[in-house]
Amino acid sequence: MEGNRRVSLRLQGYDYNQTGAYFVTICVQERACLFGKIAEGTMHLSEAGCMTERWFYEMEKKFPDLMAEQFVCMPNHIHFIVVNQRVPLKGEKPLSLSTVVQWYKTMTTNEYIRQVKYGGWEPFRRKLWQRNYWERIIRDEAEYVKIGEYIENNPARWKEDTLFVCE
């Protein structure tokens, strides 16, 4: 059953419940381009793309100790930075990055399903999002700036990105 074993992308031994900044990438299942198109280096969001951005900023309402810092929606994936500021008091449950990402995937999937039924959005196969997600712990201000520039410039580099391009 080796083929069914799920490989963890998490840094071994790191506590993802602790405060800090995180860079996250979540991909659409099968890298389907559902969130808009890129023309001349600019992302033009579909209604579904706008929905992904709206739910990103809702994170701060759901998780008051979380700062939703930067976000870009690409045709088939999203990148964002969040900062977990929660310092749990004794006996209080910490805020984990996986909880935040799971909540985001659930909210966006539920809305997408509603819009497929009632709003004419393009259906997706099986799941909206890939099962896993990619994250990086942002270790210092210089790395934060570099990742922020990456997010901001991502649409302009779309044609060079052989991992994601689907046009």
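Before reading further, recall that the structure is shown in the block above.
As a convention, each chain's residues are numbered from 1 in the sequence order in which they are written. Residues qualify for local features only when their pLDDT is at least 70, as the model is predicted, and side-chain atom pairs are given and counted only at 80 or more; totals for whole chains, interfaces and linings, by contrast, use all residues. Hydrogens and waters are ignored; side-chain quantities use all the structure's heavy atoms.

Participant: Before we go on, may I ask you to explain the sheet that holds strand β6 (residues 134–138) in this structure?
Facilitator: Pairing between sheet strands relies on hydrogen bonds along the backbone, with the strands arranged either parallel or antiparallel. Note: two strands are recorded as paired if DSSP finds a minimum of 2 bridges between them. Secondary structure counts use DSSP, requiring at least four H or I residues in a row for a helix and at least two E residues in a row for a strand, with both numbered from the N terminus. Strand order across the open sheet formed by four strands is β4-β5-β1-β6, with antiparallel pairing between neighbours. Both edges of this open sheet fall to β4 (66–73) and β6, since each of them pairs with a single strand only. Looking at each pair of strands side by side, their axes are set apart by 15 degrees on average, direction ignored. Two elements, strand β1 (residues 20–27) and strand β5 (residues 77–84), share eight bridges in a ladder whose sense is antiparallel. Residue Cys-27 lies in a different strand from β5, and its bridge partner there is His-77. Taken strand by strand, helix α2 (residues 97–118) contacts β1, β4, β5 and β6, and its axis lies near 35 degrees from that of β1. Docked against the sheet, helix α3 (residues 141–153) engages β1, β4, β5 and β6, running at close to 150 degrees with respect to β5. Axis geometry follows a simple rule: fit a line to the C-alpha atoms, using only the stretch in contact for helices, then measure angles between N-to-C directions, giving values from 0 to 180 degrees. In this description, contact between two residues means that some pair of their heavy atoms is separated by no more than 4.5 Å.

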